[in-house]
Amino acid sequence: MTTHVKDSWMSTRLPCLGGICATYFQKNRAANAPYFAALPFLIAMAAAFLTLSGAVLAVYYNPWHAFDSVQFIDRNVNNGWLIRTYHATGTTMIFGVTYLYLFRSLLRRAYRAPGEFVWMLSVKLLAVLMLTGWLGYVLTGGAAGYWSLFNAANAALSMGGLPGAVGLWFFGGPAGGDTLARLEVFHALLAVALLLVVWLLHASRRAIAAPVASGKGVAFYPYYLAQYFAALAVFALVFVVLAFYAPHLGTSHMNQLPAESLAVPLGGGVPWYLAPAAGMLGVFPGSGLSIVAAIAAIVVLYALPWLDRSGRAGRCGKLYGFFTWVLALDVIGLGYAANSSSGAAPTLAGVFTAWYFFHFLVLTPVVTAMEAE
Amino acid sequence: MRRFLASIFALGTLTAACHAARAADTLSPLHFQSQGPLGTIDKAAAQRGYRVFESVCAGCHAVGQVHYRDLEALGLTPDQAAGEAVAAGGNLGSPLKGAAPMNMGGAIPPDLSSIAAQRHGGARYIYDFLTGFAPAPAGTTLLPGHYYNTAFPGGETAMPPVLRDNAVTYADGTPATSAQEAADLAEFLTWTADPNLDARHQIGFRAIIFFAFLAIIAIASKRRVWSAQI
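First things first, this report covers the structure right here in the doc. This one's a predicted model, so the numbers in the text were calculated from it and none came from an experiment.

Thresholds, definitions, all that
- Residues numbered from 1 in each chain as written.
- Chains lettered and ligands numbered in written order.
- Predicted model: local features only at pLDDT ≥ 70, side-chain atom pairs only at ≥ 80, totals over all residues.
- Heavy atoms only, no water.
- Helix = DSSP H or I, 4+ residues; strand = E, 2+ residues; numbered from the N terminus.
- Buried < 20%, exposed > 50% of the residue type's maximum accessible area, 1.4 Å probe, protein only.
- Contact = heavy atoms within 4.5 Å.
- Buried area = accessible area lost by both parts, 1.4 Å probe.
- Salt bridge = Lys/Arg side-chain N within 4 Å of Asp/Glu carboxyl O.
- Polar contact = N/O pair within 3.5 Å; in protein donor to acceptor, adjacent residues only side chain to side chain.
- Core = buried A, V, L, I, M, F, W, Y, C linked by side-chain atoms within 4.5 Å.

Some points on the overall build of chain B
Part 1 of the reasoning: A count of helical and extended segments in chain B gives eight helices and four strands.
Part 2 of the reasoning: Taken from the N to the C terminus, the helices and strands of chain B come in the order α-α-α-β-α-β-α-α-β-β-α-α.
Part 3 of the reasoning: Taking all 230 residues of chain B together, the buried fraction comes to 39%.
Part 4 of the reasoning: Taking contacts inside chain B between residues at least 6 apart in sequence as the whole, the part at least 24 apart equals 64%.

Focus on the interface of chain A and chain B
Part 1 of the reasoning: Tallying the contact residues gives 37 residues for chain A and 38 residues for chain B.
Part 2 of the reasoning: Between chain A and chain B, the buried area comes to about 3000 Å², and carbon and sulfur atoms account for 68% of it.
Part 3 of the reasoning: At the surface where chain A touches chain B, the tally comes to zero salt bridges.
Part 4 of the reasoning: Counting every contact that joins chain A to chain B gives 10 residue pairs in polar contact (both at pLDDT 80 or more).
Part 5 of the reasoning: Where the side of chain A that touches chain B is concerned, the elements lending two or more residues are helix 4 (66-75), helix 5 (80-108) and helix 10 (220-245) of chain A.

Focus on the nonpolar core
All names here are of chain A.
Part 1 of the reasoning: The biggest cluster of nonpolar side chains holds 89 residues, and the ones touching the most others in it are I94, L183 and Y356.
Part 2 of the reasoning: The biggest single contributor to this core is helix 6 (residues 116-139), with 14 residues.
Part 3 of the reasoning: Once residues within four sequence positions are removed from consideration, I94 is found in contact with I43, A46, A47, L50, L129 and L194.

Considering the side chain of T364 of chain A
Residue and element names in this part refer to chain A.
Part 1 of the reasoning: Structurally, T364 is set in helix 15 (residues 345-372).
Part 2 of the reasoning: On the basis of relative accessible area, T364 is assigned to the buried category, the value being 0%.
Part 3 of the reasoning: At a separation of 2.6 Å, a polar atom in the side chain of T364 contacts the main-chain carbonyl oxygen of H359.
Part 4 of the reasoning: Beyond its immediate sequence surroundings of up to four residues, T364 is in contact with L304, L307, D308, Y320 and H359.

Now the structure itself:
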């Protein structure tokens, strides 16, 4: 294969494609990289996979008979159960790698200049992913998803003014077929937005990659191709174990019930990947405040590059690293509290939520400034 | 996961055990062939479970997501399945509907199609529920039209105890004790909730072997490529 963009057959006929190909042969990448650096690639693969499996499901899905149409896919469509398992487990996988990727960025403080833009895209990725994931959970028409939608839509509609109008535009009503039909469209549009964010994330990560001394770098092909392929194979292995042996991992029995049942499920029932957010929202049940809390939780993440006072090249101390681990436990705790029926759960969720904001708004500026000295 | 690994190691013994299980006794100790990572539906038990369902439970409950033609997956011949359908006044494409929805003591008998997926514990819970009817302990007052049940959340259910010994006669000669009927129903309802269970475990096992090898080869080739560097 030629590495000279000028002479390649393709580049004279479609110059931009030739240019893209050529970047994979330029020896401008670091000559060593940990496997974990492939996480964004895995996110991209999972997003593409989810889009494809989701496209198949969309053919058979009927928002006016949501639960029944999902049953139909599972039981009567040829290999429909496989596609649905792929879509459900793919969701678990993409959230798994995204949470891992974000946690790694936090630990390495990759959000500091010049990484702020990459970090902001990563937070957007999480936000879009959460919203898409929640819509998917609602679309199943299960009892838990139905009540989650009902509460969210009512909270949005009750806000009045512009937020209420946006809520009405988004939901169209509190629940039911017409709402689900809309949400199905948003679910699909957000999937496209997700792909776009993932692509921007890649491009911006490449842009800030540390320059490699000439003669010391390696090309994407074959070095990174081999590494990404190995990462993908391990990813696929985990995926098939979960898809075929734990297809309902981290999801609730409650959502296997049709939404038609009149009984209101007793809280909880949120899939694991939404549980931390649900725990936080549950602190302010059924009010516009819960939506404010959700936005605030994203905003503090977004503001992290400025909350961290250690500066571009400041020293990274151990103490802040320790607090980052505590934050991870805090978020996991929030998830458990959200799905727990114990009497202490609401208090715990409150404490964990408070710690989350305390971590970003107080600990981060103070500890990083202290350690940078 | 640990269960999964354990059974990979015990693969040989397990498959042997499965064959033994098919010979009959699922009660001592109580076990369901469908449970566990390598489980498959015990078709003989599920067929017996269907027999009990159709003669005892269908008066109140539907299994509306399952059609008579689907019974062929349990080993019924097309003629047998059609016979079942005609006896119930339908055809191969009809769902296993029960009586019209009724209200008993404020509760409606739920459709049982996915009940094993909808309850914590799945098959085991169904067995415990069906065998959990007992005289109420002294001092408990039950709601009108309710029955004491040790497995049901809250301890009292609107479903009456309907299983009894020899409620049906099993064609394969298995003694139809009420415990046996309950276990067979649990296996049948596990199948109705997850009719693709066998295929899922089978494809999964092959896929894991494939991707495990692929991962090993991919990692080895990555190391080779990178070690040849510069």
